[in-house]
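Structural characterization, general
Residue-level listing of the chains:
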Amino acid sequence: MSTLRVTGLASGMDYESMIKQIMDAQRVPLDKLNQKKQINQWKQDDYRAINNKILDFKNAAFDMKLQSGYLTKTASSSNTNVATVTGTATAIEGSYTLQVEQLAKAATLKSGTLNGSTVGKDTTITVNGVNVEVKSSDTYQDLANKINAESVKTGVKVAYDSTLKTMFFSSAKTGAAADIDLRGSDVGSILGLTTSTTAATTTGSVKLASDTSLASYAGKAFSLKIGGQEYKVDLTDKSTVGDLVSKMNDSLKNTGVSLSLNSAGNLVIDNPDKSKTIDFTTGSDAGVVGALGLTGATPTDTAPSIYTQGQNAKVKFNGVEGEYDSNTFTIAGLSITAKSEGADVTSIGVTQDVDSVFNKIKSFVDKYNDLIGSINSELSEEKYRDFAPLTDAQKKEMTDDQIKQWEDKAKSGMLANDSVLTSSLYSMRQALSSSISGLASGQLKNLSDIGISSSLISGTAVSGSYLDKGKLYIDETKLKQMIAEKPDEVMALFNADDKDSKSTAGDGVATRLYNQASAIFSQIVDKAGTSTSVKNTFVLGKESLDLDKQISALQTRLDDMETRYYNQFTQMETYISQMNSRSSSLASLLGS
């Protein structure tokens, strides 16, 4: 807080200037502490900037350790009208054939012509087991909205077109397991469709819950036979009714038959096609049947229903038939999208994706070169020892341009010849240049084997020298040739890992550099922290806290010193004023 002081009135001396000059001399140690703190901050900033690059490189090295980046395949289809194809890491090079006999389709249904402005009846329509309450005043668009509101549960959506006066139903998924099951006493009359009573349900007589244990029937089984096809669940000591229902429904997903617990807790077997007879006694343990309340239970017709289901895709891959619930599926590591069905056959070719692997390696080398370039720049940056950080007083006497020019030189060389960065650079160069042990005889063991080195000779042109300080160059022709001819060896050259924490000899280049980057990153964090670090957790932060304490103590001492000087000069002014007053009084007496 500033203090208003009036000095020199009695003595005529400029005590303000005199004290300022004294204090300016006394503040030199304080200025040096502030300058030291500023240098500490600049060092911290430079360390963190380098560490950001190291982190970026570390992430790139981690990606280079992953197998998937080296195993990408290029797949082509000779007839994209039949199917398109892309290769995955697990695809095997070779030639294949594909015929699409049938495309997967969603379940679809359209209503009859819907005349009138409203539904006209208070009723309930059950859509795939979910009740939709309908009011007589609802329009057909209202009905469509209500059905769509339950689509997450039902998997069914509907569009209503007022011009065509028709509702179009479709299942969200394709495949034989996708169905549309509409039930209700008025569903046929509302939608203008003919209903059937082929749907039937079998309801158990025992009240159950999802967590009802079936542990006492461990080793027993529950079986459903539908048209002679058996679907069976073996029980364990951890089985519950909910587990049984879930497992059985997974098995039954292509049949239309399903199991559930109704609101009363009874087990319900729902069969949308009554012509398919269901037998749950022959293959099941009698005790299990009884526990589920199905002993003596028989199917009963449900309310009138409208039922339709989708269809699976059917294909021949190299002559082997397969069936899928979607038109996009995976065979032998190939992601295939079927486009049209028929007798046409497309030939599929799979080759190593050389360009993808080459670009991955080149990007990694570029990141390495960028990192060591930044480190070398910091290490060799000139340090201008005559340019210390400016004090506030010095800045007041300079223009903005002068301040910038001065501080550019003052900031230069903060990490010149830094021991942490010097050792880091050496360790990374060692990781690159050392051969990889533990690989088979004759296998690629050095980066130079695939055309990557710190010097490159191409004809009469020579790239790279000691002046580049470790920068890597790539012989693109040789690298692409090695990727095409020896993809597994190229991969091992980068991502080999002997799991020996005491030695890096058996580790690939990317594994070594990842570990080196991790260690360097940690060293710099210990030295300079991160943007979220607390100051007392890293070296420069602790030094900064210590400087803050010294600055605070010295500033307090200087403030006390300045106050003492002012008090002394004020006291002298008071004495002079008193002397002047007495002198005036004495002169007045003598003159009288």
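Presented here is a report on the structure given in the accompanying data block. In this text the structure is predicted, and so the values were computed from the model without any measurement.

1. Side note on the sheet that holds strand E13 (residues 258-261)
With antiparallel pairing, the four strands of this open sheet are ordered in space as E13-E14-E10-E16. In the strand order of this sheet, the two ends are held by E13 and strand E16 (300-301), each with one partner. For strand E10 (residues 200-203) and strand E14 (residues 267-271), the ladder comprises four bridges, and the chain directions are antiparallel. Each bridged residue has a counterpart across the sheet, and for Thr201 the counterpart in E14 is Asp270.

2. Considerations on the side chain of Asp418
Turning to its location among the elements, Asp418 is positioned in the loop between helix H10 (400-411) and helix H11 (419-433). Here Asp418 is buried and forms no salt bridge, its nearest opposite-charge partner Lys527 lying at an N-O distance of 5.6 Å. At 3.1 Å, the side chain of Asp418 forms a polar contact with the backbone nitrogen of Val420. With residues near it in sequence (within four places) discarded, Asp418 still touches Tyr47 and Leu379.

3. Looking at the environment of Asn79
Residue placement: Asn79 occurs in the loop between strand E1 (73-77) and strand E2 (83-87). Look at Asn79 and you get partly exposed, because its relative accessible area is 21%. In sequence terms Asn79 and Lys339 are 260 residues apart; their C-alpha atoms lie 10.0 Å from each other. Residue contacts for Asn79: discarding those within four places in its chain leaves Asp344 and Thr346.

4. Here's the deal with the sheet that holds strand E11 (residues 221-226)
The strands making up a sheet associate through hydrogen bonds between their backbones, and the pairing can be parallel or antiparallel. Here three strands make up an open sheet; going across it, the order is E12-E11-E15 and the pairing antiparallel. Two strands close off the open sheet at either side, each with one partner strand: strand E12 (229-234) and strand E15 (278-279). As defined by bridge partners, E11 adjoins E15 across two bridges and the pair is classed as antiparallel. Paired with Lys225 across the strands is Asp279, a residue of E15. Lying on the sheet, helix H6 (residues 241-251) is in contact with E11 and E12; it crosses E12 at an angle near 150°.

5. Quick word on the pairing of E1
Only one face of E1 is buried: it carries Lys73, Ala75 and Ser77, and the other face, with Thr74 and Ser76, is open. Note that E1 and strand E22 (residues 345-352) share five bridges and pair antiparallel. Each bridged residue has a counterpart across the sheet, and for Ala75 the counterpart in E22 is Val350.

6. Observations regarding the packing of helix H8 (residues 354-380) against helix H12 (residues 476-485)
At their nearest, the axes of H8 and H12 sit 9 Å apart, and the two run at 125° to each other. For the element pair H8 / H12, the angle class is oblique. For the pair H8 and H12, the sense of crossing is right-handed. Residue-level inspection shows Val354, Asp355, Val357, Phe358, Ile361 and Lys362 of H8 in contact with H12, the latter providing Glu476, Leu479, Lys480, Ile483 and Ala484. Of the residues assigned to the contact of H8 with H12, the class counts are seven nonpolar, no polar and four charged.

Parameters and conventions
Residues numbered from 1 in each chain as written. Predicted model: local features only at pLDDT ≥ 70, side-chain atom pairs only at ≥ 80, totals over all residues. Heavy atoms only, no water. Pairing = 2+ DSSP bridges. Helix = DSSP H or I, 4+ residues; strand = E, 2+ residues; numbered from the N terminus. Buried < 20%, exposed > 50% of the residue type's maximum accessible area, 1.4 Å probe, protein only. Lys, Arg positive; Asp, Glu negative; His and termini not counted. Salt bridge = Lys/Arg side-chain N within 4 Å of Asp/Glu carboxyl O. Polar contact = N/O pair within 3.5 Å; in protein donor to acceptor, adjacent residues only side chain to side chain. Contact = heavy atoms within 4.5 Å. Axes fitted to C-alpha atoms, helices over the stretch in contact; angles between N-to-C directions. Parallel < 35°, antiparallel > 145°, perpendicular 65-115°, else oblique. Left-handed = near helix turned anticlockwise from the far one by under 90°. Nonpolar A, V, L, I, M, F, W, Y, C, P; charged D, E, K, R; others polar.

That's the geometry; what it means functionally is another story.
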